[in-house]
Amino acid sequence: MIWIPIVSLFIFFNLAFFIAQLKKNNGLADMAWGLGFVVVAVSSLIVSNTYNLYQIVITLLVMIWGFRLFFYIGLRNWSKPEDFRYVNMRKKWKTHVHIKAYFIVFMLQMTFLLIVSLPIQMAALVDVSLDLAGYIILGVGVLLWMIGFFFEAVGDAQLKTFKQNSENKGKIMQSGLWKYTRHPNYFGEALMWWAIWIISMSTRSWYAAIGVIGAIFINYLLLFVSGVPLLEKKYKDNEAFQAYAKKTSIFFPLPPKK
């Protein structure tokens, strides 16, 4: 039955691809990212048919994160032109853009999602009753998830408010959480996935231990592939951003340098 979440996600991403082609906007893959985790979490919980506390907590937290991200990105991008990253991809591909988008954008993203969601999938395979240590581990995980969610959601909200002010056009966000890290939203997302893995480890199962691969992988993606590097490269010639970078931590929140 472990294949059911995988098949569900495959169907979901094919639907997302179809809608994106109708909209002529492969950036909608970003919207599918958050909802894809909801698909995996809910289908994994149903397939487990055990509904243990740690499974329910993981599912609820993933749903909160996934739906928030979906609506945040969806409301921002649904009617806007395609994101510059995907525009550049189209220019680079030149031919067979739909086939390349299917495999390079949607199917690759689905594969990444399956890896990141390993803590969810592994927790669904474990059926144990938590002891005191298990409850403590679960509590620590929930607390860390709340901190991560705060950094991602508040960081996004602060940046959105900043950009909506016409007086800030061309300026760099340097206040609020952005005073302590150049990427509070990415830091928050990474922390939340470590937290999900920690919650799964409340079972102290070897299955759950395998899920650490997902937490490590999302950190790698955010720090070295699709998160931090893309934005840092975008502003590499921006003098204001470079001055901001010299005094502000790139990822982990730290007091700004004098």
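Report on the accompanying structure. What you are looking at is a predicted structure, and each value in this text was computed from that prediction instead of being measured.

Rules behind the numbers
- Sequence positions are assigned chain by chain, starting from 1 and proceeding in written order.
- Where local features are concerned, this predicted model is filtered to residues with pLDDT of at least 70; where side-chain atom pairs are given and counted, the filter is 80 or more; whole-chain, interface and lining totals use all residues.
- Think of the side-chain values as coming from all heavy atoms in the structure, minus any hydrogens and water.
- As used here, the term nonpolar core means buried Ala, Val, Leu, Ile, Met, Phe, Trp, Tyr and Cys residues forming a set that is joined through side-chain atoms within 4.5 Å.
- The buried label goes to any residue with under 20% of its type's maximum accessible area, the exposed label to any with over 50%, and the partly exposed label to all in between, with areas taken from a 1.4 Å probe on protein chains only.
- Here a helix means four or more residues in a row that DSSP labels H or I, a strand means two or more in a row labelled E, and each is numbered from the N terminus.
- What makes two residues a contact is simply this: any of their non-hydrogen atoms within 4.5 Å.
- Residues form patches when they are more than 30% accessible in relative terms and have no salt bridge. Like charges link within 9 Å. Nonpolar side chains (Val, Leu, Ile, Met, Phe, Trp, Tyr) link within 5 Å.
- Here the Shrake-Rupley method, with its probe set to 1.4 Å, supplies the accessible areas, and only the displayed protein chains count as covering residues.
- Any carboxyl oxygen of Asp or Glu within 4 Å of a side-chain nitrogen of Lys or Arg constitutes a salt bridge here.
- Residues scored as positive are Lys and Arg, those scored as negative are Asp and Glu, and His as well as the terminal groups of each chain are ignored.
- A single reference atom marks each charge: NZ on Lys, CZ on Arg, CG on Asp, CD on Glu.
- Under the convention used throughout, the expected extent of a helix is 1.5 Å for every residue step, that is, one less than its residue count.
- Axis definition: a line fitted to C-alpha atoms, limited for helices to the stretch in contact. Angles are taken between N-to-C directions and run from 0 to 180 degrees.
- Between 65 and 115 degrees an angle is taken as roughly perpendicular, under 35 as roughly parallel, over 145 as roughly antiparallel, and anywhere else as oblique.
- Left-handed describes a crossing whose near helix is turned anticlockwise from the far helix through less than a right angle; right-handed describes the clockwise counterpart.
- Ten residues, namely Ala, Val, Leu, Ile, Met, Phe, Trp, Tyr, Cys and Pro, are considered nonpolar, four, namely Asp, Glu, Lys and Arg, are considered charged, and the remaining ones, Gly among them, are considered polar.
- Note on aromatic pairs: the rings of Phe, Tyr and Trp (six-membered ring only in Trp) are paired at centre separations within 6.5 Å, and the planes decide the class, stacked below 30 degrees, edge-to-face beyond 60, tilted for the rest.
- The criterion is that NZ of a Lys, or CZ of an Arg, lies within 6 Å of the ring centre and within 35 degrees of the ring normal, and then a charge sits over that ring.

**As for the nonpolar core**
Counting 59 residues, the largest nonpolar core has Phe13, Phe37, Ile120 and Trp193 as the members making the most contacts within it. A total of ten residues in this core trace back to one element, the largest contributor, which is helix 5 (residues 97–116). Ignoring any residue separated from it by four or fewer positions in sequence, one finds Phe13 in contact with Ala32, Phe106, Met107, Gln109, Met110 and Leu113. Phe162, Ile172, Phe241 and Ala245 belong to the second largest nonpolar core, which has eight residues in total.

**Brief notes about a positive patch on the surface**
Side chains of Arg76, Lys80, Lys160, Lys163 and Lys234 sit close together on the surface and give a patch of like positive charge. Assignment of secondary structure puts Lys163 in helix 7 (residues 132–164).

**Observations concerning the pattern of salt bridges**
A full pass over the atoms with the stated rule returns six salt bridges. Its salt-bridge partner being Lys236, residue Asp237 comes within 3.2 Å of it at the nearest N-O pair. Taking relative accessible area as the criterion, Lys236 reaches 47% and is therefore assigned partly exposed. Connected through salt bridges with shared partners, the residues Arg68, Glu152 and Asp156 form a single ionic network.

**A look at helix 8 (residues 184–200)**
Its 17 residues give helix 8 an end-to-end C-alpha distance of 24 Å, which sits within 8% of 24 Å, the value for a rise of 1.5 Å per residue. In terms of residue burial, helix 8 counts as a mostly covered element, since 15 of its 17 residues are buried.

**Concerning the packing of helix 3 (residues 53–77) against helix 8**
Taken N-terminus to C-terminus, the directions of helix 3 and helix 8 make an angle of 165°; their axes are 9 Å apart at the nearest point. When the axis of helix 3 is compared with that of helix 8, the two are roughly antiparallel. Crossing of helix 3 over helix 8 shows left-handed handedness. Between helix 3 and helix 8, the contacting residues are Tyr54, Val57, Ile58, Leu61, Val62 and Trp65 on the first element and Glu189, Met192, Trp193, Ile196, Ile199 and Ser200 on the second. Tallied by class, the residues present in the contact of helix 3 with helix 8 amount to ten nonpolar, one polar and one charged.

**Digging into the packing of aromatic side chains**
Inspection of every chain in the model, using the stated rule, returns 19 aromatic pairs. Each ring, one from Phe187 and one from Phe252, has its centre 5.4 Å from the other, and the planes form 85°; the classification is edge-to-face. With Phe187 in helix 8 and Phe252 in the segment after helix 12 (239–247), this pair connects stretches of sequence that are 65 residues apart. Between Tyr220 and Phe224, the aromatic rings sit 5.8 Å apart at their centres with planes inclined by 40°, giving tilted as the arrangement. Here Phe224 and Tyr220 lie together in helix 10 (residues 212–224), a separation of four residues that amounts to about one turn. In this structure Tyr220 comes out as partly exposed when scored by relative accessible area, which is 45%. An aromatic cluster of three or more residues is present, and its members are Phe150, Phe151, Phe187, Phe251 and Phe252. Over the ring of Tyr72 we find Arg68; its NZ or CZ atom is 5.4 Å from the centre of that ring.

**Let's talk about the packing of helix 2 (residues 29–48) against helix 3**
The geometry of helix 2 relative to helix 3 is characterised by a closest axis approach of 8 Å and an angle of 160° between their N-to-C directions. Judged on the interaxial angle alone, helix 3 and helix 2 are roughly antiparallel. The handedness of the crossing between helix 2 and helix 3 comes out as left-handed. Here Asp30, Met31, Trp33, Gly34, Leu35, Phe37, Val38, Ala41, Val42, Leu45 and Ser48 of helix 2 come into contact with helix 3, specifically with Gln55, Ile56, Thr59, Val62, Met63, Trp65, Gly66, Phe67, Leu69, Phe70, Ile73 and Gly74. Grouping the amino acids of the contact of helix 2 with helix 3 by side-chain chemistry returns 16 nonpolar, six polar and one charged.

**Some points on a nonpolar patch on the surface**
Among the surface-exposed residues, Ile2, Trp3, Val7, Phe10, Ile11, Leu125, Tyr207, Ile210 and Ile213 lie close enough to one another that they form a single nonpolar patch of about 850 Å² accessible area. Taken together, the elements giving at least two residues each to the nonpolar patch come down to helix 1 (3–23) and helix 9 (206–210). Here the element with the most residues in the nonpolar patch is helix 1; it accounts for four residues. The residue Ile2 is located in the segment before helix 1 in this model. For Ile2, a relative accessible area of 42% translates into the label partly exposed.

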